[in-house]
Amino acid sequence: MSFGDSWENDGEAGGVQAGADKSGQGVVTAFGQSMKTLRVRAGLEREEFGRRIGYSASTVASFEQGRRIPSPRTIEQADEVLGAGGLLTLWKEQVERAQYPVRFQGMAKLEKEAIELLAYDALVVKGLLQTEEYMRALLAMRRPPLDEETIEQRVAARLLRQAIFDRHPSPLLSFVMDEAVLRHRYGGTGVLRGQLEHLLLIGQKRNVEIQVMPTECEDNAGVNGSFTVVTRKDGKKFLYAEAQGMSALQTDPEQVTLAGARYGIIRSQALSPRESSQFIEKLLGEL
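Computed from a predicted model, the values in this text were never measured in an experiment. Chains are numbered independently. Their residues run from 1 in the order of the written sequence. In keeping with the model being predicted, local features are shown solely for residues with a pLDDT of at least 70 and side-chain atom pairs are shown and tallied solely at 80 or more, while totals for entire chains, interfaces and linings include all residues. Excluding hydrogens and water, the side-chain values take into account all heavy atoms of the structure.

Enquirer: How should the sheet that holds strand β5 (residues 237-243) be read in this particular structure?
Expert: Strands pair, by our definition, only if DSSP identifies at least two bridges between them. Working definition: helices are DSSP H or I runs of at least four residues, strands are E runs of at least two. Numbering for both runs from the N terminus. Within the open sheet, the six strands sit side by side as β3-β2-β1-β4-β5-β6. Their pairing is mixed. Only two strands of the sheet have a single partner each, and these edge strands are β3 (208-213) and β6 (246-250). Between one strand axis and the next, the sheet turns through 10 degrees on average, direction left out of account. Pairing analysis gives five bridges linking β5 to β6, with the strands arranged antiparallel. Each residue of the ladder has a partner; that of Glu 242, found in β6, is Ser 247. With respect to the sheet, helix α11 (residues 253-269) is in contact with β1 (114-121), β2 (172-178), β3, β4 (227-232), β5 and β6, its orientation differing from that of β4 by roughly 115 degrees. Here an angle of 0 to 180 degrees is reported between the N-to-C directions of two axes, which are lines fitted to C-alpha atoms, with helices fitted over the stretch in contact. The criterion used for residue contact is that any of the two residues' heavy atoms lie within 4.5 Å.

Okay, structure coming up:
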C-alpha cells in the first residue's frame, strides 16, 4: 500500500492531490472566518487581539483570511482570549494537518507517533535536523519560486516537527547522510557552519545517532536514494521514500522489512557516531 506524501522536496500537488490541497486550504479559510467572527463578537480590534496573543494586526489579518496557518499553541491562546469555550481548539488537529502539503500529511502524523525512526539521506540534511536558516535556504531555491507566506508556513511547520527530539518517552532516532550532503554550501558558508554545529548538538542527545557515509567509502547499500523507516507505537512499520517531488509511504511488510535490513547495512558501512562527530568537526574546521 502506498500514498503520495512528500515534504522534504515540498513537491507540488497535481491531479487528485490538487483537490486535496484545496480541501486543506478550505479548512484554514474556514478556521480564519470562525476566529474573525469570534473576535468581532468579543468587540476586539485586530491590534488589541494581536497584542494579547503575541502577533501584529497584519498577522491576525493573515490568520483570518486563511493566508497564514496558526500554530496549535496560537489556536489555544486565541480560544482563551476570545472566550470561545473550545470552539477554536476543535479546529486544532485539522489546521495542524493543513500546515503540510497533502503528500506529507501521513508522514507528519507518523513522526508524532514514532517510537523509532531510521533515515538515510543523500541530497539534503533531513528536515528534522535542519536549522531555520538551512530551511530558508532550501525553500528559497525552489523553482518555480515560492511566495514569502508559503515559505513562512513551511518553515514554521518544519520547526514544529522537531518537537520529536524532546518528546517523552523518547523515540529512537538514527540518521545516516552522505558526506556530500554536509559539504553543499546551501545558503552560504555561514548557513552551512550553523547547520554542522546543530548536527553536533543534536547528536549529543542520548536517543539520537548521526552517522556520515564518506565519499571514499567503496560500498554503499543506499545507492538507490534516500528513504525513511518509521516504527509506530503499535509496532507497525512504514517505509517512506521520495524523488523529484514524488513520494510513497509503503506499508507492505516485505518492502518495509527489506528497507530496514538495507538501513542496517548502510549504518554498518558508514562511520560510527563518534567517528562521524569527529568528521563533522573536521568539516567545520575547513570552513
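So much for the structure itself; the text now carries on.
Enquirer: I'm lost on the environment of Gln 65 in this one. Help?
Expert: Note on placement: Gln 65 falls in the loop between α3 (57-64) and α4 (72-81). Residue Gln 65 is classed as partly exposed on the basis of its relative accessible area of 41%. In the structure, Gln 65 is positioned 36 residues away from Thr 29 in sequence and 6.2 Å away in space, judged by C-alpha atoms. Buried, partly exposed and exposed residues are distinguished by accessible area as a fraction of the type maximum, computed with a 1.4 Å probe on protein chains only: under 20%, between the cut-offs, and over 50%, respectively.

Enquirer: I'm lost on the pattern of salt bridges in this one. Help?
Expert: For side chains bearing opposite charge, pairing can occur when the charged atoms are close. A pair is scored as a salt bridge if a Lys or Arg side-chain nitrogen falls within 4 Å of a carboxyl oxygen belonging to Asp or Glu. As enumerated under the stated definition, the model contains 18 salt bridges in all. With its nearest N and O atoms 2.7 Å apart, the salt bridge here joins Arg 51 to Glu 48. With Arg 51 and Glu 48 both in helix α2 (residues 46-53), this residue pair falls three residues apart, about one helical turn. Given a relative accessible area of 57%, Arg 51 falls into the exposed group.

Enquirer: How do you make sense of the packing of helix α10 (residues 189-202) against helix α12 (residues 273-286) when you look at a structure like this?
Expert: To describe two helices that pack against each other, one gives the angle between their axes and the distance between the axes. Between α10 and α12, the least distance of the axes is 10 Å, while the angle of their chain directions is 160 degrees. Considered as vectors, α10 and α12 are oriented roughly antiparallel to each other. You can see that α10 and α12 cross each other, and the crossing is left-handed. In contact with Arg 193, Leu 196, Glu 197, Leu 199 and Leu 200 of α10, α12 contributes Ser 277, Ile 280, Glu 281, Leu 283 and Leu 284. Basically, the charged four are Asp, Glu, Lys and Arg, the nonpolar ten are Ala, Val, Leu, Ile, Met, Phe, Trp, Tyr, Cys and Pro, and anything else, Gly included, counts as polar. Residue composition of the contact of α10 with α12, by class: six nonpolar, one polar and three charged. An angle below 35 degrees is treated as roughly parallel, one above 145 as roughly antiparallel, one from 65 to 115 as roughly perpendicular, and anything else as oblique. Throughout, a crossing is termed right-handed when the near helix is turned clockwise from the far one, and left-handed when it is turned anticlockwise from it by less than a right angle.

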